[in-house]
Amino acid sequence: MLTVRSVAHRYGGRRVLVAPDLSLAAGEHCALVGPSGSGKSTLLNILAGILPPSAGDVALQGEPLYTAPARDDRWRARRIGVVPQRLHLLASLSARDNIRLAQYLAGTHADIREVDRLLAALGVEDRASARPGELSAGEQQRVAIARAIVNRPQVLLADEPTSSLDDANAQKAIDLLFEAARMAGALLVVATHDGRVRARFDRAVELLEPAGERARPLRSAHPERAA
Amino acid sequence: MNALRIVLAQLAQRPLQTVLAVVLLALGVATLTFVVLVQGQLSKQLARDAQGIDLVVGAKGSPLQLILSALYHVDVPTGNVPLAAMDQLRRNRLVAQVIPVSLGDNYRGFRIVGTEPALIEHYGARLAGGALWTAPMQSVIGSEVARVTQLAVGGTLAGTHGLAQGGAVHEEARYEVVGVLAPTGTVLDRLVLTDKASVWRVHEGDPADDAERRVLEEEREVTALLVRYASPMAAAIVPRQVNAESRLMAASPANELARLFAVMGVGIDTMRVFGSVLVASSLLALFVTLYNALEERRYDIAIMRLLGASRARVAILLMIESWLLALVALLAGLALGLAAVAIVGNWLAQSRAFVVSPGAFAPELLWIGIVAVAAATLAAALPAWRASRMDIAATLARG
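Residues numbered from 1 in each chain as written. Chains lettered and ligands numbered in written order. Predicted model: local features only at pLDDT ≥ 70, side-chain atom pairs only at ≥ 80, totals over all residues. Heavy atoms only, no water.

### Quick notes on the side chain of Asp-105 of chain B
Residue and element names in this part refer to chain B.
Thinking step 1. Position of Asp-105 relative to the elements: it lies in strand β3 (residues 95-107).
Thinking step 2. Look at Asp-105: it is buried, it has no salt bridge, and the nearest opposite charge is Arg-111 at 11 Å.
Thinking step 3. A distance of 3.2 Å separates a polar atom in the side chain of Asp-105 from a polar atom in the side chain of His-161. (Helix = DSSP H or I, 4+ residues; strand = E, 2+ residues; numbered from the N terminus. Buried < 20%, exposed > 50% of the residue type's maximum accessible area, 1.4 Å probe, protein only. Lys, Arg positive; Asp, Glu negative; His and termini not counted. Salt bridge = Lys/Arg side-chain N within 4 Å of Asp/Glu carboxyl O. Polar contact = N/O pair within 3.5 Å; in protein donor to acceptor, adjacent residues only side chain to side chain.)

Printed below as a string of structure tokens:
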């Protein structure tokens, strides 16, 4: 479904990512792991379609993300949902409108009942009218997840979703992402350096600092599904 | 969800800067609206009232004062001219028409003008009711006089001595209203017209005997004479002939109007420049507001791009924001400018001078709108371009 071939990225002349070739399937849960500076977020941005790699190709269901025919922003947004590390909910909009914004900008059917169903499924239906500043960190994360899956994307990406959470909440956040990916029927790829959650993924891809050695697929929590 | 809702939500985040930018632009638009409407209407009225009058003859003094008093009825006369001067001018082959104007009294601030029916014909006025006077102490009132005083055909009025309210009332010599003029958009609307003999009768009183009557008749005067030339050559000869008389002065409305506009023009130009500077500075404020907003909202813009907004759509959202502010400022400025025109118009109406109305349309107002929207587009151009070029991944990584 999502394939990565010979992807590398340079920034200001410095090599910041050398990614292994990957082939990820629908419904799979994949963790991108590695130390700080190994390029986890960079690879996630490349998979999100918002950072053209310096080299290599990424394809979604055989359709290249970056090479011709060029994909427009709506095409990308309808197929790939992203939960950024800092969530970045629009402070001027309510929780419900933050989610509706994703529908509007991606050009999908703006059905408010679908948004409310999603908020209910993620346990924040009573906070639908609240602005992000009035929500707890956990509620904000749920709204950001709802925003990422409202267009039923094929791929759900999350960047360090547990970085500022305690053990119990980190596990809840991962549960939530698994549930969201299940609801959307999406491939889930999470960039994390959090060892507490790593074991819960079907597959973990370890990225090394790109001093020279190429990063490699590390191991699988479920060897039968490992690449 | 729609573009307008997104823009309104973004604006609500910065109410102070938004209001400041709108208020500045609105003040500039209001100033220009006021200047354009007042200047336009005054210029038109001054030109319309003077149309067809080539020369005004009056007592020696200020030519501008003579024009203002005899033609526009907003200043005190320079004095009187002997009736013989009127007869002499009428015999002049270079003169086509002489219309006498006798001033001295007013009715509730509206000047009572002793004249001849030719004055009404000159302005092409028609009667809305009644008839023209056929004898002294009958009057025909202008439409504005009728509206304000509620006088109608068959009513009577007593003049107050002098050209402003508050003088002695000539109760013993009442005028009968025999006609009401339809609105003309000229100075006639604000006048009470009567036979020139009425003015003499009111001020001469009843002579004791025939000898006194003869003396009074020989001393009769009018305030000024409105002259139409018979040929273009008259412009070079008639004023010189008039000015050669020791008591008379000739004033050309065209020349005096040009002088008046030259004097008024300084003030009008100053207001125009002031309004333009206000508009320019408000657009600078709008640019700074949008530019700062871009910095403050870079994560919002990056997330909108991530959620599927194209570069063009992000730029258009900023443009809509700028257009919306310009539109609100334009409407507020227009309302403010029209309110100021209404206040000044009301003040002028009370002083029975010119008519200035906020309802009059001026094509220049369209230009103010076009310039404001074009400038708002310009103010948003750079922020919109920067927003469209934003590096989504790098911006989100910084946040």
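### Observations regarding the layout of surface pockets
Thinking step 1. As a volume, the largest pocket reaches approximately 840 Å³.
Thinking step 2. If you trace the largest pocket, you find 37 residues lining it, with Ser-41, Thr-42 and Asn-45 of chain A together with Ala-393 and Ala-397 of chain B closest to the centre.
Thinking step 3. Elements represented by at least two residues in the lining of the largest pocket include exactly β1 (2-11), β2 (14-18) and α1 (40-48) of chain A together with α14 (392-398) of chain B.
Thinking step 4. With six residues, α1 of chain A is the single largest residue contributor to the lining of the largest pocket.
Thinking step 5. In terms of residue class, the lining of the largest pocket is built from 15 nonpolar, 13 polar and nine charged. (1 Å grid on protein atoms, 1.4 Å probe; cavity = no way out; pocket = protein on both sides within 12 Å on 5 of 7 lines; lining within 4 Å. Points joined across faces, edges and corners; volume = space filled by probe spheres on them. Nonpolar A, V, L, I, M, F, W, Y, C, P; charged D, E, K, R; others polar.)

### Some remarks on the interface of chain A and chain B
Thinking step 1. Taken residue by residue, the interface counts 24 residues in chain A and 25 residues in chain B.
Thinking step 2. Together, the buried faces of chain A and chain B total about 2300 Å²; carbon and sulfur atoms form 63% of this surface.
Thinking step 3. Interface area lost by chain A to chain B is led by His-88, Tyr-104 and Leu-105 of chain A, which between them contribute 27%.
Thinking step 4. Seen at the junction of chain A and chain B, the total is two salt bridges.
Thinking step 5. In this structure, the salt-bridge partner of Arg-305 of chain B is Asp-73 of chain A, at a minimum N-O distance of 3.2 Å.
Thinking step 6. Taken together, the links from chain A to chain B amount to five residue pairs in polar contact (both at pLDDT 80 or more).
Thinking step 7. Elements supplying a minimum of two residues to the side of chain A that touches chain B: α2 (73-79) and α3 (95-106) of chain A.
Thinking step 8. Counting residues per element, the side of chain A that touches chain B draws most heavily on α3 of chain A, which supplies seven residues.
Thinking step 9. Here the side of chain A that touches chain B is composed, by residue class, of 14 nonpolar, three polar and seven charged. (Contact = heavy atoms within 4.5 Å. Buried area = accessible area lost by both parts, 1.4 Å probe.)

### Quick word on helix α10 (residues 253-296) of chain B
Residue pairs three or four apart in sequence face the same way in an α-helix, which turns once every 3.6 residues.
Thinking step 1. For α10 of chain B, with 44 residues, the first-to-last C-alpha span of 61 Å sits near the 64 Å given by 1.5 Å per residue.
Thinking step 2. Remark: the principal bend of α10 of chain B, roughly 35°, maps to Gly-265 of chain B. (Expected span 1.5 Å × (residues − 1). Bend = angle between axes of the 7 residues up to and from the residue.)

### Some words on a nonpolar patch on the surface
Thinking step 1. A cluster of nonpolar side chains, namely Phe-361, Leu-366, Trp-367, Ile-370 and Val-371 of chain B, defines an oily patch on the protein surface of about 580 Å² accessible area.
Thinking step 2. Within the secondary structure, Phe-361 of chain B sits in the loop between α12 (311-350) and α13 (363-388). (Patch = residues over 30% accessible without salt bridge, like charges linked within 9 Å, V, L, I, M, F, W, Y side chains within 5 Å. Areas by Shrake-Rupley, 256 points an atom, 1.4 Å probe, with all protein chains shown as cover.)

### Quick word on the domain arrangement of chain B
All names here are of chain B.
Thinking step 1. Here the domain parsing of chain B yields domain 1 (3-46 + 260-398) and domain 2 (55-251).
Thinking step 2. Of note, the centres of domain 1 and domain 2, computed from C-alpha atoms alone, are 49 Å apart.
Thinking step 3. Tallying the contact residues gives seven residues for domain 1 and ten residues for domain 2.
Thinking step 4. Taking both partners together, domain 1 and domain 2 bury about 860 Å²; carbon and sulfur atoms supply 60% of that area. (Domains from an automatic or database assignment.)

### Some remarks on helix α11 (residues 298-306) of chain B
Thinking step 1. With seven of its nine residues buried, α11 of chain B lies for the most part within the structure.
Thinking step 2. Three or more residues of α11 of chain B are buried, namely Asp-300, Ile-301, Ala-302, Ile-303, Met-304, Arg-305 and Leu-306 of chain B.

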